[in-house]
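# Analysis of the macromolecular model
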Amino acid sequence: MQLISIIPGFKPKNDSRLLEKAELLKPGLYYTPYPAPTAFRVNGQEISPAEMPDRPLRRGDQVLMDFGRHIVGRFSLSLDQAGSAQDAPAYIRLNFAEISDEFGEDPKQYHGWLSSSWIQQEEMHIDILPAQVCLPRRYAFRYVLLTVLDTSLKYQLLVRGASCTGESSADETALPARTFPDDELKRIYEASLRTLAECTQLVLEDGPKRDRRLWMGDLRLQALTSYVSFRSIALIKRCLYLFAGSRFPDGRMSANVFTDKEPAADDTYLTDYALWAAPTLREYLAETDDGEALDDLLDPVLFQVDYVLEHFLTADGTVKEEAAESAFIDWSDNLDRRTALHGVLIQALEAAASLCERAGDPSRARFYRDKAEELRQTAMRLLWSEEQGCFLSGDQVSVHSQVFMILAGVMPPERASEALERAESLPGSPRMITPYMHHYYVMALLAAGQKNRAEKHLREYWGGMLRTGSDTFWESWDPSDPDGSPYGGRIVNSYCHAWSCTPAFIISRYLLSSPT
Ligand code: RAM
């Protein structure tokens, strides 16, 4: 599935009042110095940090620096020379990697559908040594590989030092103290908070390596996790205002918003992402009781639900093919998304109803609740297969369909877990690819009363990423296809990705004995 939307002449409609409020909510950044890498390798051989500054480097030599943890921030190098006079520039390449496997990929072999400009690689000439080289971009990395492309026969390059400064707007002092029953759960919890912190920037970014952007599907999961950890309340509010403040001219919310310049909705509409606005606002209000946000955001958010009701339902009350074609759900290829989207719509209707109750509009609340109930009945009548004991989407059985229907409360817990088991046992059904989808799968297990299975899955799936040596969670991970990428090449995959940060939320809310 390729997600490329280009609407010729598209101009988002901006609401300056909402965008001004978003601007006022912009957070400050915390800067954390990391003065030196924790380990070096030269041409594959380990070398102590004390020896590194005097190790002469010639054409073709490579220095691998390991900062010991994932970092989002600025990188600088202190370079010098050895030997005779510097009669030619030093020419070097720097590759940044979030996980060491990334160095196994050749950037030239990437021909996928996302821009190769996301590959974190720089080549530069240093005319005069010694030099302090401060790179202008922000990177997401744990490892830096320096390749000497050339010096000259007269002199060699010295790497006297390397350092970086981490950037994040997450407030570590807000973290509650927690105790864990074992080390595995603790490590998963910590990696999920690191993932969230690294994505917590001037907006809640999807991934600091790529796309560095505000996406609604990611925002919802980041916000949920932030409520139990850093509590970036003003930032979450800012993100909601950005979505409401820059939209399609017809009022739809874009799936993502560009925020580096004047905020601008992207010309990408994803049906499920627009629908998540209502649950995201409801969850925000449950945490904050923020009357200003309710007043400002209620109409833009309800519009998303109304739009789908008006444009995307068939005469029999199921979602139209075209709505499902513009839904995300997961990166799985060949996934029929109709039934999953039907489940998302029911959840959005329930959220819309509680927003209306909060706003003191019981009759509109009743309208949304009745609609949700009607869609539940339609689902059981038209999408449920008695014979197969689970939901179908077209004639396809997928875990995805069961998950979103379970979360929509369409069936009681016992039946829900049977449906899930059936879908899972069916060979050839579409696989879950992203931690985003696995999050909803775990939530569906919990809703089906399967707490032990939920915990087991969390340990296996997210723990699996840690067992590869990573200390953050990824954008895409299918253990049966570890080299897979939704983009046609792993080198542009993001290995610290917002939507994978939810274990801290699940652990805190559902798995620890004194949940918060
Ligand atoms: C990707 C981003 C983002 C996700 C969208 C659908 O490009 O990684 O996280 O929300 O796709």
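Our structure is the block above this text.
Residues numbered from 1 in each chain as written. Predicted model: local features only at pLDDT ≥ 70, side-chain atom pairs only at ≥ 80, totals over all residues. Heavy atoms only, no water.

## Describing the overall build of the chain
So the rule is basically this: We count a stretch as a helix when DSSP gives it H or I for four or more residues in a row; a strand needs E for two or more, and each element gets its number in order from the N terminus. With C-alpha atoms as the basis for the radius of gyration, the globule rule is written as 2.2 Å multiplied by the number of residues raised to the power 0.38. A simple rule labels every residue: compare its accessible area, found with a 1.4 Å probe on the protein chains alone, to the largest value its type can have, and call it buried under 20%, exposed over 50%, or partly exposed in between. The contact definition used throughout considers only heavy atoms, calling two residues in contact when any of these lie within 4.5 Å. Per-residue and other accessible areas follow the Shrake-Rupley method at a 1.4 Å probe size, with only the shown protein chains counted as cover for residues.
Secondary structure summary: the chain contains 15 helices and 16 strands in total. The C-alpha radius of gyration of the chain comes to 25 Å, within 12% of the 24 Å expected for a compact globule of 516 residues. When the backbone C-alpha atoms are referred to their principal axes, the chain occupies close to 85 × 50 × 50 Å. A total of 516 residues make up the chain; the buried ones form 59% of that total. Excluding contacts between residues fewer than 6 apart, the proportion of contacts in the chain whose partners are at least 24 apart in sequence is 77%. Surface accessibility of the chain: about 20800 Å² in total, with carbon and sulfur atoms responsible for 49%.

## Some details on the site of the ligand
The condition that has to hold: The cutoff for a nearby residue is simple: one of its non-hydrogen atoms must lie within 4 Å of the molecule or strand. We define a polar contact as two N or O atoms separated by no more than 3.5 Å, with the added condition that, inside protein, one atom must be a possible hydrogen donor and the other a possible acceptor, whereas residues neighbouring each other in sequence contribute only through side-chain atom pairs. Under the convention adopted here, Pro, Cys and the residues Ala, Val, Leu, Ile, Met, Phe, Trp and Tyr are nonpolar, Asp, Glu, Lys and Arg are charged, and Gly plus all remaining residues are polar.
If you check the shell around the ligand, you find 13 residues, and the closest are Asp-211, Asp-218, Tyr-273, Glu-475 and His-497. Here an oxygen atom of the ligand sits 3.2 Å away from a polar atom, N or O, in the side chain of Arg-210. In this structure, Tyr-273 approaches the ligand through a side-chain N or O atom, which is 2.7 Å from an oxygen atom. Compared with its free state, where it exposes 290 Å², the ligand has 97% of that area covered by protein. Partitioning the shell around the ligand into residue classes produces 7 nonpolar, 1 polar and 5 charged.

## Regarding the nonpolar core
Here is the rule: Take the buried Ala, Val, Leu, Ile, Met, Phe, Trp, Tyr and Cys residues and link them wherever side-chain atoms come within 4.5 Å; each set so joined is a nonpolar core. An automatic or database domain assignment is the source of the domain bounds shown.
Counting 140 residues, the largest nonpolar core has Tyr-273, Leu-345, Tyr-368, Val-403, Phe-404 and Ile-507 as its most contacted members. In terms of residue count, helix α9 (residues 338-358) provides more of this core than any other element does, 12 residues in total. Shared between two domains, this core takes at least three residues from each, and those domains are domain 1 (33-168) and domain 2 (270-411). Look past the residues within four positions of Phe-404 in its chain and what remains in contact with it is Trp-276, Ile-329, Ala-340, Gly-343, Val-344, Gln-347, Met-437 and Tyr-440.

## Observations regarding the sheet that holds strand β11 (residues 214-215)
Put simply, the test is: One bridge is not enough; two strands pair if DSSP finds at least two bridges between them.
Strands sit in the order β11-β13-β14 across an open sheet of 3 strands; the sheet is antiparallel. Taken across any chain shown, the strands that pair with only one partner, and hence form the sheet edges, are β11 and β14 (264-265). Note that strand β13 (residues 256-258) and β14 share 2 bridges and pair antiparallel. Its bridge partner lying in β14, Val-257 is registered against Ala-265.

## Quick notes on the layout of surface pockets
The criterion, for reference: Using a 1 Å grid laid over the protein atoms alone, points where a 1.4 Å probe fits but cannot get out form a cavity; open sets with protein on both sides within 12 Å along at least 5 of 7 lines form a pocket; any residue with an atom within 4 Å of a point counts as lining. Grid points are joined across faces, edges and corners, and a volume is the space filled by probe spheres set on the points.
A volume near 560 Å³ is recorded for the largest pocket. The wall of the largest pocket is formed by 27 residues, among which Arg-212, Phe-258, Thr-259, Asp-260 and Lys-261 lie closest to the centre. Elements represented by at least two residues in the lining of the largest pocket include exactly α1 (16-24), α4 (233-245) and β13. At 5 residues, the largest contribution of residues to the lining of the largest pocket is made by α1. Looking at the lining of the largest pocket, its residues break down into 10 nonpolar, 3 polar and 14 charged.

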